[in-house]
Amino acid sequence: MLRILYFGHLVDALDSVAEDFELPQTQTSVADLCAILAERGAVWHEALVGNKSLKITVNKQFVDADSLLKDGDEVAFVAFMVG
């Protein structure tokens, strides 16, 4: 199980501050997680895929999209509106 946290304008855009997410059985990267969440709809896709202001942490450490996730990780998505 992952704990996912949302910060910045994502809270309003996604109407969520946090959720628990069951990690798929296969190895999952941060990019995979973003793609899975983006399947929830256009707002999710816009917020998590190709968002240049998006920063992601895993267990309070900034990571890149290739970082692998494991059960028990805390993932935080942080994005602020630019302009």
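Residues numbered from 1 in each chain as written. Predicted model: local features only at pLDDT ≥ 70, side-chain atom pairs only at ≥ 80, totals over all residues. Heavy atoms only, no water.

Participant: Tell me about the overall build of the chain, and please be specific about residues and values.
Facilitator: In terms of regular secondary structure, the chain is built from 3 helices and 7 strands. When the elements of the chain are put in sequence order from the N terminus, they spell out β-α-β-β-α-α-β-β-β-β. In summary, the chain has a C-alpha radius of gyration of 12 Å against a globular reference of 12 Å for 83 residues, a match within 12%. Principal-axis analysis of the C-alpha atoms gives the chain an extent of 35 × 25 × 20 Å. In the chain, which comprises 83 residues, the proportion classed as buried is 37%. With an accessible surface of roughly 5,100 Å², the chain has 55% of that area assigned to carbon and sulfur atoms. Charge centroids of the chain, computed over 6 positive and 13 negative side chains, lie 6 Å from each other. (Helix = DSSP H or I, 4+ residues; strand = E, 2+ residues; numbered from the N terminus. Rg over C-alpha atoms; globule rule 2.2 N^0.38 Å. Buried < 20%, exposed > 50% of the residue type's maximum accessible area, 1.4 Å probe, protein only. Areas by Shrake-Rupley, 256 points an atom, 1.4 Å probe, with all protein chains shown as cover. Lys, Arg positive; Asp, Glu negative; His and termini not counted. Charge placed at Lys NZ, Arg CZ, Asp CG, Glu CD.)

Participant: Explain the nonpolar core residue by residue, including any values.
Facilitator: The biggest cluster of nonpolar side chains holds 21 residues, and the ones touching the most others in it are L33, L37 and F77. Considering each element in turn, this core owes the most residues, 4 residues, to helix 2 (residues 30-38). Ignoring sequence-local partners within four residues, the contact set of L33 consists of L2, I4, F21, T28, L69, V75 and F77. (Core = buried A, V, L, I, M, F, W, Y, C linked by side-chain atoms within 4.5 Å. Contact = heavy atoms within 4.5 Å.)

Participant: For unusual backbone geometry, give the residues involved together with the corresponding values.
Facilitator: Positive phi values are uncommon outside glycine, yet D15 reaches one of about 55°. Relative to the helices and strands, D15 is located in the loop between helix 1 (10-14) and strand 2 (18-21). In this structure, N59 takes a positive phi of about 55° despite not being glycine. Within the element layout of this structure, N59 appears in the loop between strand 4 (55-58) and strand 5 (61-62). Here N59 falls in the partly exposed class, since its relative accessible area comes to 36%.

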